Amino acid sequence: MSFKNIRAIPSPEAIRSLIPLDAELSALKQKNDKHITDVITG
Amino acid sequence: MVIVGPCSADDEEAVMEYMNRLAEVNEEVKDKVLIVPRVYTGKPRTTGEGYKGMMHQPDPTKAPNMLEGILAIRKLFIRVIKETGMPVADEMLYPSNLPFVEDLLSYIAIGARSVENQQHRLTASGIDCAVGMKNPTSGDLTVMFNSIRAAQSSHDFLYNGHEVRTSGNPLAHAIMRGSVNKHGNNLPNYHYEDLQLAYNMYMDGDFVNPAVIVDANHSNSGKKFYEQPRIVKEILHSRNCNSNIEQMVKGVMIESYLVEGNQNGSEPHIYGKSITDPCLGFEDTKNLIFDIAERV
């Protein structure tokens, strides 16, 4: 194997906690998802 | 639905200026058109050379740093949601990177070079949001429909350090982007007959939510970015001619940035101009979106 480790990457959970999506924006994102779902299923 | 934005999100400030201007357009058309900004942070490169996107290089002039890249794209996606209120679309170039950003994406595209890959198809089957599967560069629509079938089905596989089972994604759908033949010639697939063929293939298969997004750039325009408005208008005309096509074609994808065209790095950098594929400029994009809103 010729892979050289450059740097370790934190887990996705750790990365998400470093730069989190707050509850208000998460709710907005869910609303946007619904709009797109409505277009695809409509 | 209009999925629109730069070929690659290469510069946070230029991208955010673009997104905030797009949000102003969105305010004027939101009752008729759903705008979904493209914030593409990973770029597939045919030979592996060249700029691979913000995920690899948050600063295109510096060496790759993927940890900084992951942090940069999370920050960028959140800025788009917070400052514009709009959803975020990105391409899933690396399924293994999805867990870092899956909570932020509202639309995911699987690219022409990835759509035949099993890991992409199976990962798409577990995603909660809409996933568009592009036709491969060869143009074989059977490959695209096989990928949609796979994404709409349940699978067991390895993902993010676990053996997982997915439920299948009923929002997996087609993106038609044209193709390239063995001579390297671009062959569009946005014409009426192409859309009719896609409709027939949807009807012949066991799919839910038959839906097509037409990519107006790439091999549909032959990367002639300025052709995108004409192509979009032809697609809208085809919708008006056939109720089946109208029902199936849910939207278009447009590559657009602040400044039209692209730059290759050999001249001084132009802010807001693509460093990958050529894009429509913002004013032409704005006019096109207004035109779409009038026609639908």
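Just so it is clear, the structure is predicted and the values come from calculations on it, not from any experiment. (Residues numbered from 1 in each chain as written. Chains lettered and ligands numbered in written order. Predicted model: local features only at pLDDT ≥ 70, side-chain atom pairs only at ≥ 80, totals over all residues.)

Student: Whenever I open this one, the overall build of chain B confuses me. Can you help?
Tutor: When its secondary structure is counted, chain B shows nine helices and 14 strands. Here chain B holds 296 residues, and the buried ones make up 49% of them. Long-range contacts, defined here as pairs at least 24 residues apart, represent 65% of the contacts in chain B between residues at least 6 apart. (Helix = DSSP H or I, 4+ residues; strand = E, 2+ residues; numbered from the N terminus. Buried ≥ 20, exposed ≤ 12 C-beta atoms within 10 Å, placed from the backbone. Contact = placed C-beta atoms within 7 Å.)

Student: Help me understand the overall build of chain A in this model?
Tutor: Looking only at helices and strands, chain A features two helices and zero strands. Considering only C-alpha atoms, chain A reaches an extent of 50 × 25 × 10 Å along its principal axes. Taking all 42 residues of chain A together, 10% fall into the buried category.

Student: Help me understand the nonpolar core in this model?
Tutor: In globular proteins that are soluble, nonpolar side chains generally tend to be buried together. Residue and element names in this part refer to chain B. Core analysis: the biggest nonpolar cluster contains 83 residues, and Val-2, Val-131, Met-133 and Val-212 have the highest contact counts within it. A per-element tally of this core places helix α2 (residues 66-84) first, with seven residues. Not counting residues up to four positions away in its chain, the partners in contact with Val-212 are His-173, Ala-174, Met-176, Leu-195, Ala-198, Met-248, Val-249 and Lys-250. (Core = buried A, V, L, I, M, F, W, Y, C linked by C-beta atoms within 7 Å.)

Student: Explanation requested: helix α4 (residues 141-151) of chain B in the structure shown.
Tutor: Every α-helix winds through 3.6 residues per turn, so residues three or four apart in the chain are directed the same way. Residues and elements named next belong to chain B. Along α4, the residues classified as buried are Met-144, Ser-147, Ile-148, Ala-150 and Ala-151. For α4, the arc enclosing every buried residue in end-on projection is 160°, short of the 170-degree limit, so these residues lie on one face. Looking at the buried side of α4, the elements it contacts are β4 (107-110), α3 (118-124), β5 (130-134) and β8 (172-176). (Arc of directions from axis to C-beta.)

Student: Could you clarify how one ought to interpret the sheet that holds strand β3 (residues 89-91) of chain B in this entry?
Tutor: In any sheet, the strands associate via hydrogen bonds between backbone groups, in a parallel or an antiparallel arrangement. All names here are of chain B. Read from one edge of the open sheet, eight strands run β2-β1-β12-β11-β8-β5-β4-β3, paired in parallel fashion. Looking at which strands have only one partner, the edges of the open sheet turn out to be β2 (35-37) and β3. If you compare each strand with its neighbour and ignore which way they point, the axes differ by 25° on average. Taken together, the four bridges between β4 and β5 define a ladder with parallel strand orientation. Bridge pairing links Tyr-107 to Ala-130 in β5. Packing against the sheet, helix α7 (residues 228-241) makes contact with β11 (212-215) and β12 (249-255), and its axis sits at approximately 175° to β12. (Pairing = 2+ DSSP bridges. Axes fitted to C-alpha atoms, helices over the stretch in contact; angles between N-to-C directions.)

Student: Which parts of the structure should I look at to understand the pairing of β4(B)?
Tutor: Walk down a regular strand and you will see the side chains alternate between the two sheet faces. Residues and elements named next belong to chain B. Where burial is concerned, the two faces of β4 agree: the one with Tyr-107 and Ala-109 and the one with Ile-108 and Ile-110 are both buried. Pairing analysis gives three bridges linking β3 to β4, with the strands arranged parallel. Counterpart to Ala-89 in the pairing with β4 is Tyr-107. This β-α-β element, β4 to α3 to β5, shows right-handed connectivity. (Right-handed = clockwise from strand over helix to strand, strands pointing away.)

Student: Looking at this structure, I do not really get the pairing of strand β1 (residues 2-5) of chain B. What am I missing?
Tutor: Residue and element names in this part refer to chain B. Judged by which residues are buried, β1 turns out to be covered on both faces: Val-2 and Val-4 on one side and Ile-3 and Gly-5 on the other are all buried. With three bridges connecting them, β1 and β2 associate as parallel partners. Each residue of the ladder has a partner; that of Ile-3, found in β2, is Val-36. The β-α-β motif built from β1, the intervening helix α1 (residues 12-29) and the parallel element β2 has right-handed crossover chirality.

Student: Just to check I follow, could you spell out the interface of chain A and chain B for this structure?
Tutor: Interface size is often expressed as the accessible area that is lost when the parts come together. Taken together, the 19 residues of chain A in the interface contact 29 residues of chain B. Listed by contribution, the elements that provide at least two residues to the side of chain A that touches chain B are α1 (12-18) and α2 (23-41) of chain A. Looking at the side of chain A that touches chain B, the element that brings in the most residues is α2(A), giving eleven residues. Partitioning the side of chain A that touches chain B into residue classes produces eleven nonpolar, four polar and four charged. (Nonpolar A, V, L, I, M, F, W, Y, C, P; charged D, E, K, R; others polar.)

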